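Geometric and topological summary
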Amino acid sequence: RGLLRSHATCLQYQQPSVAFLINRYLGSTAASNNCRDGYNDPSSAKTKHLLPGIQRIILIRHGESLGNIDERAYVNTADWRIPLTERGREQARLAGKKVASHLCLGDDDECTTDDGKDNLNVGGGGQQDGEPKKRKGKVFFYVSPYLRTRQTLREILREVDPECIVGIREDPRVAEQQFGNFQSHHAIQDNKATRSDFGRFFYRFPDGGESGFDVYNRVSGFIGTLQRDSYDVMQSWSKNSPSSSSSEEGFTICIVTHGLSMRLFLMRWFQYTVHEFERSYNPDNGRVVVLEPAAPGGFELSEVDRIAMGFPLYREQERFRLMDDYSLLDKSEW
């Protein structure tokens, strides 16, 4: 069951995985061997967790951009150069506070001072004399190359202790769907109306644009190389921080991306069908979506995020229902 919940597993690769490296670095040789030995046997009882050492995966949609409040901005400004609004920067700062709270480990009183203020040491600087010891996890950021996502990450980093940050990497595969080059406002409105009738997943925007299917394919490639990228980062981290107590700190992957790209990431990760994708919604600007570990070894979408985005309950997904109801294959509307 855990294998059905995630595609980014150590079972997919014959090279050392991030799970193997993390556990080797943490000194958990047994768990590392379990993951390594399970490469070719998904049902092996030795496989305890798909990504041991990964505490969570956080997906964040960029804050409000100029294009979100006035689509005419795309007429003279390239989509990837559209900036955040001031409100968007505020949303990104709030997202940063949420990320920082996820990195604070232990009881609530370990994350706050006696006066009730956050004790996350945000924005940099070392721990001050007299402050209670703070147990914080590590985070690695991936970001879309679009200006609005980069600016979102910039604001997030103002709220996260630099000591928690393992690395930052830009990846074009989590960028926005391509709608074409400089866009005619009326033409793009007509195209979006046609997309609603045709279907968001398969509709391809003309003049060099992409379909949702195209974004799905490149996001799938991104998921497939998360392990390789993390392997390099963790290898460097283990060499530079041999005394780090990471087994207590945990490790978080945070991806700053776009609404549609996030939905298609989740579609690929959880094997949602095209019908289920068509019924889903983009998250609000600046929303933080969290994938937490779930027994017996995968990740699950929080109930709040799942409902907000319109995705089905795990056991109610069509991929399970098909086994009991073949008539779903005749479904033509959603």
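Note that the structure is predicted; figures quoted are calculated from it, not measured. (Residues numbered from 1 in each chain as written. Predicted model: local features only at pLDDT ≥ 70, side-chain atom pairs only at ≥ 80, totals over all residues. Heavy atoms only, no water.)

To continue, consider the overall build of the chain. A tally of regular secondary structure across the chain gives 14 helices and six strands. Evaluated residue by residue, the chain yields a buried proportion of 51% over its 334 residues. Intrachain contacts of the chain at a sequence separation of at least 6 include 75% that bridge at least 24 residues. Carbon together with sulfur atoms contributes 48% to the accessible area of the chain, which is approximately 16000 Å² in total. (Helix = DSSP H or I, 4+ residues; strand = E, 2+ residues; numbered from the N terminus. Buried < 20%, exposed > 50% of the residue type's maximum accessible area, 1.4 Å probe, protein only. Contact = heavy atoms within 4.5 Å. Areas by Shrake-Rupley, 256 points an atom, 1.4 Å probe, with all protein chains shown as cover.)

Turning to the pattern of salt bridges, a few remarks are in order. Per the stated rule, a full pass over the model turns up 18 salt bridges. Taking the shortest distance from any N to any O, the salt bridge between Glu71 and Lys192 comes out at 3.0 Å. Taken as a pair, Glu71 in the loop between α4 (66-69) and α5 (73-76) and Lys192 in helix α8 (residues 185-198) lie far apart in primary sequence, 121 residues in all. Accessibility expressed as a relative area gives 26% for Glu71, which makes it partly exposed. On the basis of relative accessibility, which here comes to 22%, the residue Lys192 falls in the partly exposed class. Among the ionic pairs, Glu155 bridges to Arg89, the shortest N-O distance being 2.7 Å. (Salt bridge = Lys/Arg side-chain N within 4 Å of Asp/Glu carboxyl O.)

Our next topic: the layout of surface pockets. Its boundaries defined by the atoms lining it, the largest pocket holds a volume of some 480 Å³. For the lining of the largest pocket, a count of residues per class yields four nonpolar, nine polar and eight charged. (1 Å grid on protein atoms, 1.4 Å probe; cavity = no way out; pocket = protein on both sides within 12 Å on 5 of 7 lines; lining within 4 Å. Points joined across faces, edges and corners; volume = space filled by probe spheres on them. Nonpolar A, V, L, I, M, F, W, Y, C, P; charged D, E, K, R; others polar.)

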